[in-house]
Amino acid sequence: MSSFTAISGTLRARLRQSLRTRGGGHDGPSRWATPGHQERPNGYLFNRTPPPPGQSRKWEDWELPCYITSFLTIVILGVGLNAKPDLTIETWAHQKALEQLQAQKIALSDDSE
């Protein structure tokens, strides 16, 4: 029984240590509330202050690939969805009805001859 108690004590100690190192403990800085973040918004979009007059905002590294990918996705979806075949049941039924009418018309013209 004492070995079970020793093992459970060791496991508890390791679990406590791993929780502390991962930010799960309450006795250290939290990764969600680190110093340097503003407490309240400053009135600008995304809390970014505008650049000085005469200067343009510098693009971040992710912006150009994101914009290009978004534009190409819209173009591909627009072309692809407009070019897809019409496979609805209504279109199929309409085609079958036209074929039957054509077959009846041919049968009637053959009988009249």
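This structure is a prediction, so every number in the text was calculated from the model and none was measured. (Residues numbered from 1 in each chain as written. Predicted model: local features only at pLDDT ≥ 70, side-chain atom pairs only at ≥ 80, totals over all residues. Heavy atoms only, no water.)

Enquirer: What am I meant to see in the side chain of Glu 63 here?
Expert: Position of Glu 63 relative to the elements: it lies in helix H2 (residues 63-83). A polar side-chain atom of Glu 63 sits 3.0 Å from a polar atom in the side chain of Arg 57. Discounting residues that sit within four places of it in the chain, Glu 63 has contacts with Arg 57 and Lys 58. (Helix = DSSP H or I, 4+ residues; strand = E, 2+ residues; numbered from the N terminus. Polar contact = N/O pair within 3.5 Å; in protein donor to acceptor, adjacent residues only side chain to side chain. Contact = heavy atoms within 4.5 Å.)

Enquirer: Any chance you could explain the confidence of the model for the protein chain here in plain terms?
Expert: The predicted structure's coordinates, where accompanied by low pLDDT, should not be read in detail. When pLDDT is averaged along the protein chain, the result is 83; 78% of the residues meet or exceed 70. The weakest mean pLDDT in the protein chain belongs to helix H1 (residues 2-21) at 79; the strongest belongs to H2 at 96. (pLDDT = per-residue confidence, 0-100.)

Enquirer: Which parts of the structure should I look at to understand the packing of aromatic side chains?
Expert: How two aromatic rings sit relative to each other is set out by the distance from centre to centre and by the angle between their planes. One pass over the full model with this rule turns up one aromatic pair. Here Trp 59 and Tyr 67 contribute two aromatic rings whose centre-to-centre distance is 5.5 Å and whose plane-to-plane angle is 80 degrees, an arrangement assigned as edge-to-face. Trp 59 sits in the partly exposed class, given a relative accessible area of 46%. (Phe/Tyr/Trp six-rings, centres within 6.5 Å; stacked < 30°, edge-to-face > 60°. Buried < 20%, exposed > 50% of the residue type's maximum accessible area, 1.4 Å probe, protein only.)

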